[in-house]
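What follows is the residue order along each chain.
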Amino acid sequence: MRGRALSQPVETGNTGYRSFMTFRAVAALALAAAVSMAGALASGEALAPLPRGAGPRTGTVLVLEVTLPDLAAVDELTRAGYNVGHLRGTVATVHATPDEAAALRAAGYALRETARQPAPVSASKASASKALGVYHSYEGMTAILQDYATAYGAGQSTNPDLCRLTSLGQSEQGRELWALLITDNPDIEEDEPEFKYIGTMHGDEALGMELCLYLIDRLLSGYGTDSQVTALVDDTAIWIVPLMNPDGHAVQSRYNALGYDLNRSFPIYPDDYTGNLFDDEPLDADGRPAEVVRVMEWTAANSFVLAANLHTGELVVNYPYDEDGVASGDDAPTPDDLLFEDVSRRYSIHNAPMWGTPFFDDGITNGSAWYAVFGSMQDWNYRYASCNEVTIELSRTERPDESEIPTYWADNETSMLSYLEAVHIGVRGLVTSAYSGAPLWAKVTVHDNAHHVFTDADVGDYHRMLLPGTYTLTFTADGHYPATVEDVVVVDGAATRLDVALTPLPYSADVDGDGDVDSVDIQYIVNAALGLTVPYDCDLNENGAVDAVDVQLALFADLLL
C-alpha cells in the first residue's frame with residue numbers, strides 16, 4: 001500500500017548466581033544505569049520515554065565483553081537498562097558509558113574493553129568508490145544508489161524501468177534515509193506482496209549496507225536473464241534501505257547522533273500500544289529518534305508482508321518475539337512461531353557458516369530465548385504493522401576486514417534471495433465489495449491464530465504467509481457482512497489464491513464518518529433516540545425516526561465488525 005496515508009536456547013542455570021550477584025549489587029547496577037541515563041539526558045536532547053537500554057549514551061562509549069556468572073545474569077543486565085548487544089555463551093557484549101562500566105566492575109563482573117566509540121574511520125576505509133566489495137561512505141553509497149536509479153529508472157532506454165529512489169526523510173544530522181523500490185511497474189499499485197530489507201541500523205555494523213548494495217545489483221542486472229530474479233522483480237514490490245543510521249555510520253558508532261540505539265527505540269507492547277494499525281492504534285512516533293520515526297511512518301504507509309534487518313556480531317537468524325514478558329533466555333513464541341522457524345531456516349540453510357554454527361541449532365533462534373531486547377524493530381513490525389520480520393546477524397565480527405566482503409556476499413547471496421521468495425507462501429487474494437467491486441480495507445483472520453493481517457486498501461490484496469495445511473479464514477471490513485471460508489488448502493510452494501467479495505450491509509452505522517463502527521457511533525444513536533441533539537444523521541433504517549431499532553442495528557454492526 002505504497003500510497004496510503006495514514007533455535008535453540010543455550011541452557012540457563014542459576015547455580016551460584018545469587019551468591020555472586022546479590023540483590024544489593026543488582027540494585028547498584030540499576031541505580032548506576034539510571035544515573036548514567038540522567039547524565040546523558042542532561043547533555044543531550046530528551047525524547048519520548050524509551051527503555052533505558054536505548055540510551056541516550058553520549059560522549060565516549062565503551063564496547064565491553066562482560067563475563068557473566070551464568071546466563072541468568074543477562075536478564076538482570078537488560079532489565080537494569082544496560083545495552084546488551086550480543087551474547088555468546090556466558091560472555092555478553094555491552095555498549096556502556098564509563099559510569100556504567102564502573103558499576104559493572106563494582107558489582108563483581110569481569111570486563112574486557114574491546115573498543116571505544118565514536119571511532120571515525122579514515123577516508124581509505126570509507127570509500128567513495130562505486131565498486132562493490134568495499135566499505136562505502138554515506139556519500140559513496142548515495143552515489144551508487146543514484147546511479148542505479150538513473151540506469152534502471154524512468155526516462156532511460158538502455159535498461160528496463162525497474163526502480164525508484166526515494167528518501168524516507170532525514171536523520172538527526174540531515175542525511176537522507178535512502179530507500180530503493182525495485183519492481184517491474186514501480187509507479188503502479190499492483191496485486192503483489194511488499195518486502196523490505198533494512199541494513200546498518202547500528203552504525204558500526206556496515207556489512208549489512210554492503211550486502212544490500214550487492215543485492216540491488218543482482219536484482220537489477222539479473223532481470224531478464226536470471227529466471228529467479230526476474231520472477232521476484234515481476235511479482236514483488238522489493239524495498240531496500242541499505243543504511244538506516246547514516247549518522248552513526250559516519251563515526252562508526254552503534255548509536256545515532258543523539259546517542260540512541262535505534263533497535264531499542266521502537267514502541268513496546270503493551271506499554272506503548274495494545275492494538276495495531278488496522279485497529280487505528282496511534283503510531284506513537286512523536287519524540288522518538290528521527291530515523292525510527294521515518295521508518296515507522298514509511299511502514300505504516302505501506303503493506304509490508306515480510307522483512308529483515310541486517311546486523312553483525314553473530315551468525316544467526318533471530319525471529320520474534322525479542323521480548324514478551326518472560327525472562328531473558330526464555331522462549332517467547334509468536335502465534336506464528338513455526339512459520340518464523342521455517343522462514344528463518346530458508347535463510348540459514350543456504351549460509352554454510354550460519355547453518356553449521358555450534359551456538360544455535362540450524363543457525364536460528366527465538367529472540368527472547370537468546371536474550372531479551374526491549375523496543376526492537378522486528379517486534380513492533382509484527383505486532384503493529386502485521387509484517388513478519390527477522391533480524392539477521394551476518395558475521396561474528398562487527399566489522400569484518402574489507403577483503404572479506406565478497407566472501408560474505410557469496411555466503412549470503414542465495415540466502416537473501418531465498419528469504420525474499422518466502423513472501424509468496426500461504427494464501428493470497430483480493431477482498432472487494434460485492435456490488436461495486438471496490439477494493440476494501442479488510443482484516444484477515446486465521447482460525448486458532450491470534451495474529452491477523454490486513455489488506456492493502458489501494459488494491460484490496462492480502463498476503464497471509466502460512467505453512468502447508470488446511471485453514472479456516474475470516475474476512476471483515478467496515479460496512480460489510482463478514483465472510484468465513486473453510487477448508488482452505490495451502491501447499492508447499494506458491495500461495496493459494498482466494499479472492500473474497502464481501503456483501504455490503506444495507507445501512508451504515510458509522511454515523512460520525514471516521515471509518516469505524518464503535519461505541520462513539522452507538523452513543524450518538526442512543527442520544528438521538530433519547531431526543532438529544534447530535535451533529536449526525538442517526539436514522540439508520542431511514543424510517544423517519546431514531547429509536548430502539550436504530551440502536552439495535554448499530555449494536556449488530558459493531559458486533560459484526
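Thresholds, definitions, all that
Residues numbered from 1 in each chain as written. Predicted model: local features only at pLDDT ≥ 70, side-chain atom pairs only at ≥ 80, totals over all residues. Heavy atoms only, no water. 1 Å grid on protein atoms, 1.4 Å probe; cavity = no way out; pocket = protein on both sides within 12 Å on 5 of 7 lines; lining within 4 Å. Points joined across faces, edges and corners; volume = space filled by probe spheres on them. Helix = DSSP H or I, 4+ residues; strand = E, 2+ residues; numbered from the N terminus. Nonpolar A, V, L, I, M, F, W, Y, C, P; charged D, E, K, R; others polar. Axes fitted to C-alpha atoms, helices over the stretch in contact; angles between N-to-C directions. Parallel < 35°, antiparallel > 145°, perpendicular 65-115°, else oblique. Left-handed = near helix turned anticlockwise from the far one by under 90°. Contact = heavy atoms within 4.5 Å. Phe/Tyr/Trp six-rings, centres within 6.5 Å; stacked < 30°, edge-to-face > 60°. Buried < 20%, exposed > 50% of the residue type's maximum accessible area, 1.4 Å probe, protein only. Lys NZ or Arg CZ within 6 Å of the ring centre and 35° of its normal. Salt bridge = Lys/Arg side-chain N within 4 Å of Asp/Glu carboxyl O.

1. Considerations on the layout of surface pockets
- Space inside the largest pocket adds up to approximately 650 Å³.
- Along the wall of the largest pocket there are 27 residues; nearest its centre are Ala115, Asp204, Thr397, Glu398 and Arg399.
- Taken together, the elements giving at least two residues each to the lining of the largest pocket come down to strand S1 (61-67), strand S2 (83-88), strand S3 (91-96) and strand S4 (110-117).
- Considering each element in turn, the lining of the largest pocket owes the most residues, four residues, to S4.
- Class assignment for the residues of the lining of the largest pocket results in eight nonpolar, eight polar and 11 charged.

2. What to know about the packing of helix H5 (residues 138-151) against helix H6 (residues 207-221)
- It is the contact of H5 with H6, at a shortest axis distance of 12 Å, that shows an interaxial angle of 15°. On the basis of their axis angle, the class for H5 and H6 is roughly parallel. Our pair here, H5 against H6, has a crossing hand that is left-handed. Counted together, Met141, Ile144, Leu145 and Tyr148 of H5 and Met209, Leu213, Ile216, Asp217 and Leu220 of H6 form the full contact between these two elements.
- Of the residues that constitute the contact of H5 with H6, the class distribution is eight nonpolar, no polar and one charged.

3. What about the packing of helix H9 (residues 290-300) against helix H13 (residues 377-385)?
- Contact geometry of H9 with H13 gives a least axis separation of 11 Å together with a crossing angle of 30°. In terms of orientation, H9 and H13 fall into the roughly parallel class. Between H9 and H13 lies a crossing whose hand is right-handed. Facing H9, whose interface residues are Val295, Met296 and Thr299, H13 presents Met377, Trp380, Asn381 and Ala385.

4. Looking at the packing of aromatic side chains
- Counting across every chain of the model gives 21 aromatic pairs.
- With a centroid separation of 5.2 Å and an interplanar angle of 40°, the aromatic rings of Phe278 and Trp441 are classed as tilted. With Phe278 in the loop between helix H8 (246-250) and H9 and Trp441 in the loop between strand S13 (427-433) and strand S14 (443-446), the pair connects residues that are 163 residues apart, well separated along the chain.
- Using a relative accessible area of 14% as the deciding quantity, one classes Phe278 as buried.
- Measuring from centroid to centroid gives 5.2 Å for Trp380 and Tyr384, while their planes differ by 15°, and the two rings are stacked. With a gap of four residues between them, Trp380 and Tyr384 both fall in helix H13, about one helical turn apart. In terms of burial, Trp380 and Tyr384 fall into one category: buried.
- Ring pairs connect the aromatic residues Phe266, Tyr269, Tyr273, Trp380 and Tyr384, which therefore count as one cluster.
- One cation-aromatic arrangement involves Arg88 over Phe359; the distance from NZ or CZ to the ring centre is 5.8 Å.
- Directly above the ring of Tyr135 sits Arg399, whose terminal nitrogen or CZ lies 4.0 Å from the centroid.

5. Let's talk about the pattern of salt bridges
- What the rule picks out here adds up to 25 salt bridges.
- One salt bridge in this structure joins Arg464 and Asp336, with 3.2 Å as the shortest N-O distance. Of this pair, Arg464 sits in strand S16 (residues 461-464) while Asp336 is found in the loop between strand S10 (314-319) and helix H10 (337-348), placing the two residues 128 residues apart along the sequence.
- Residue Arg346 pairs with Asp342 through a salt bridge whose shortest N-O separation is 2.7 Å. A residue pair is termed a helical-turn pair when its members lie 3 or 4 positions apart in one helix, as Arg346 and Asp342 do in helix H10 at four residues.
- One connected set of salt bridges, linked through shared partners, spans Asp191, Arg428, Arg497 and Asp499.

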